[in-house]
Amino acid sequence: MTDETRKEAREKVFRFLREAGIEYELHEHPEAPTVEIAMRYWKDIPGVTHCKNLFLRNHKGNVHYLVILPWDKPLDIHALWEKIGSTRLSFASPERMMKYLGVTPGSVSLFGLLNDSAHSVILLLDKELETADRISFHPNENTASLIITNAGLRRFLSLCPNPSRFIDLP
């Protein structure tokens, strides 16, 4: 991503949140393409559930999932596809990521759904996030973390036309 593209990606998220009345807290940091790297910068932000965001596709490549769970929770992808009644799941390519979410690897986030004009990506959120007070996501690029409240998350979900549900992720 160029600096200009990063700026545009972020501004689209901020504009949506402002227009939706969703308050947020922004923490700038160096590039953090993985949760392990991001934890270096998140350690000083108390009381926040930090997330990892995985973009998956089914075997045929005709169904895509954005799976969001607490950063330190492991995910059994095999058990997930059985639980949701899908065919085998695998990580989507960077090209698919850009096509459906408008982001590059390391920047996947809840807010990528703002770029899914067909509203075809299915959002699966870990049940633990249902009760988290404050949750952090990248604002569609990985040089910052954006924190919203649980009420803000619910407001976002109510305005987002993508199919979504909270599930007990295996």
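Quick note: structure is the one above.
Just so it is clear, the structure is predicted and the values come from calculations on it, not from any experiment.

Draft legend 1. Region of interest: the nonpolar core. Ile68, Leu110 and Phe111 are the most contacted members of the largest nonpolar core, which has 32 residues in total. With four residues, the top contributor of residues to this core is helix H1 (residues 3-20). Apart from the residues within four sequence positions on either side, Leu110 is in contact with Asn53, Leu66, Ile68, Leu123, Phe137, Leu153, Phe156 and Leu157. In terms of nonpolar packing, the next biggest core, distinct from the first, is built from 13 residues, Leu54, Leu69, Leu75 and Ile77 among them.

Draft legend 2. View of the pattern of salt bridges. For the structure on display, the rule yields eight salt bridges. Glu28 is the salt-bridge partner of Arg10, the closest N and O atoms lying 2.5 Å from each other. Of this pair, Arg10 sits in helix H1 while Glu28 is found in strand E1 (residues 25-28), placing the two residues 18 residues apart along the sequence. Note on Arg10: relative accessible area 13%, which makes it buried. A salt bridge links Lys73 to Asp126, with the nearest nitrogen and oxygen atoms 2.7 Å apart. Placement of the pair is Lys73 in the loop between strand E3 (64-70) and helix H3 (77-84) and Asp126 in strand E5 (residues 122-126), with a sequence separation of 53 residues. Assessed through its relative accessible area of 16%, Lys73 is described here as buried. The class of Asp126 is buried, set by a relative accessible area of 0%. Connected through shared salt-bridge partners, Arg10, Glu28 and Glu141 make up one network.

Draft legend 3. View of the environment of Tyr100. Mapping Tyr100 onto the fold places it in helix H4 (residues 94-101). In contact with Tyr100, not counting residues within four places along its chain, are Phe55, His64, Gly112, Asn115, Asp116, Ser120 and Val121.

Draft legend 4. Quick look at the state of the cysteines. Summed over all chains, the structure comprises zero disulfides. Cys51 supplies the cysteine sulfur nearest to Cys160, a cysteine that is in no disulfide, at a spacing of 15 Å.

Draft legend 5. Here's a closer look at the side chain of Asp126. Side-chain polar atoms of Asp126 contact the side chain of Lys73, separated by 2.7 Å. Dropping the residues within four chain positions of it, Asp126 is found in contact with Ile68, Leu69, Pro70, Lys73, Phe166, Ile167, Asp168 and Leu169.

The rules we used
- Residues numbered from 1 in each chain as written.
- Predicted model: local features only at pLDDT ≥ 70, side-chain atom pairs only at ≥ 80, totals over all residues.
- Heavy atoms only, no water.
- Core = buried A, V, L, I, M, F, W, Y, C linked by side-chain atoms within 4.5 Å.
- Buried < 20%, exposed > 50% of the residue type's maximum accessible area, 1.4 Å probe, protein only.
- Helix = DSSP H or I, 4+ residues; strand = E, 2+ residues; numbered from the N terminus.
- Contact = heavy atoms within 4.5 Å.
- Salt bridge = Lys/Arg side-chain N within 4 Å of Asp/Glu carboxyl O.
- Disulfide = S-S within 2.5 Å.
- Polar contact = N/O pair within 3.5 Å; in protein donor to acceptor, adjacent residues only side chain to side chain.

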